[in-house]
Structure formats: C-alpha cells, structure tokens
Amino acid sequence: MPDAFLHALFAYLAYLGCGIILLLAFCVLYCWVTPLDELQLIRQHGQAAALSFGGALLGFSLTLASSAWHLNTLSSFVVWAMLGLLVQIIAHLLLSRCLPDLQQALQDNNTAMGVFAGSIQLAVGLLNAGSLS
C-alpha cells in the first residue's frame, strides 16, 4: 500500500478513536453532572429525557466534527474538544439554573421541555462548532 494511504488511514483512525473516546467521556460526565439518571429514564421510554440528552450529544458531536475538520493536529483536536465539552456542560448547568423545574419536567416526561432543553444544547453545540472555523 502506498505510504500516503497508510498515513491517511492512521490519521482517520486516530481522529475517529479519539472522537469516540471523547464522546463517551462526554456522556459519562454529562450523566454524572445532572441529578437525573437520563439513561434510566430513556430505558423507561422517557421521550423528554431522550430529546434533552440527544440534543446534548448532537451539540457536542458538532463540536467534535468541527474540531476534526478545522484543526491540523490530533493534540489540537483533543484540546479544543475538551473545551467544547466544558462549554456544553456549563450550558446544561446554566439551563438547569434558569429552569429550576427542568429535572422534574424531564422525569414527568414533559416532551416540550425535553425538546427545548435539547434545542438549547444543540444551539450551543452549533455555536461551539462555528467558533472553531
């Protein structure tokens, strides 16, 4: 195989592997920071929790994708992704402060609140991603 292909394949696998690890780290941290067990609510068919958590995952994934697209080194990708992770967590904490009944609404399966919270998280992710370009 040509060296250029192997180099590109290695770079792809390195970015993909780091991205998956960062996404898993985000999931763990997000679930640890929130007082709810989102995954348990989702297992119990909680659409509101799924919408909220899904928006946060998509928002952070946009930051990961933009970091991979715009940054030239794997170390820069990881550093900026970690910053994006922090911003996404802070956004959730601020949202929880602004909407003190958010956690109860998600437990009660209030889909309107789930869509709203997920949309805020997605918007923050878009801003994060755009700020990296």
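It should be noted that the structure appears before, not after, this text.
Structure report, in brief. (Residues numbered from 1 in each chain as written. Predicted model: local features only at pLDDT ≥ 70, side-chain atom pairs only at ≥ 80, totals over all residues. Heavy atoms only, no water.)

## Focus: the environment of F26
For clarity, the threshold we go by: Strands are runs of DSSP state E lasting at least 2 residues, helices are runs of H or I lasting at least 4, and numbering of each runs from the N terminus. Residues are treated as being in contact if the distance between any of their heavy atoms lies within 4.5 Å.
Mapped onto the fold, F26 is located in helix α1 (residues 3-33). F26 has contacts with A56, L57, F60, L85, Q88 and I89, leaving out every residue within four places of it along the chain.

## A closer look at the packing of aromatic side chains
Selection rule: Ring geometry is summarised as follows: Phe, Tyr and Trp rings, the Trp one being its six-membered ring, pair when their centres sit within 6.5 Å, and such pairs are stacked at plane angles under 30 degrees, edge-to-face over 60 and tilted between the two. For each residue, the accessible area found with a 1.4 Å probe, counting protein chains only, is set against the maximum for its type, and the residue is called buried under 20%, exposed over 50%, and partly exposed in between.
What the rule picks out here adds up to four aromatic pairs. For the pair F26 and Y30, a centre-to-centre distance of 5.6 Å together with 35 degrees between the ring planes defines the contact as tilted. Placement of both F26 and Y30 in helix α1 is noted, with a separation of four residues, approximately one turn of the helix. With a relative accessible area of 1%, Y30 lands in the buried category. Relative to F53, the ring of Y30 lies with its centre 5.4 Å away and its plane at 45 degrees, an arrangement referred to as tilted.

## Some details on a nonpolar patch on the surface
Our working definition: A patch consists of residues exposed above 30% relative accessible area that lack any salt bridge, with like charges linked at up to 9 Å and nonpolar side chains (Val, Leu, Ile, Met, Phe, Trp, Tyr) linked at up to 5 Å. Working definition of accessibility: Shrake-Rupley area with a 1.4 Å probe, residue cover restricted to the visible protein chains. For this analysis, a salt bridge means a side-chain nitrogen from Lys or Arg found within 4 Å of a carboxyl oxygen belonging to Asp or Glu.
Judged by side-chain polarity, F5, L6, L9, Y12, L13, L16, I20 and L24 come together as a nonpolar surface patch covering roughly 760 Å² of accessible area. Within the secondary structure, F5 sits in helix α1. According to the relative accessible area criterion, F5 is partly exposed, its value standing at 44%.

## Considering the nonpolar core
Spelled out, the test is: The nonpolar core is taken to be a set of buried Ala, Val, Leu, Ile, Met, Phe, Trp, Tyr and Cys residues, with the residues joined through side-chain atoms within 4.5 Å.
L22, F26, Y30, F60 and L64 are the most contacted members of the largest nonpolar core, which totals 13 residues. Mapped by element, the contributors of at least two residues to this core are α1, α3 (47-70) and α4 (74-98). No other element matches the five residues that α1 contributes to this core. Counting 10 residues, the second largest nonpolar core, distinct from the first, contains A49, L102, A105 and A117.

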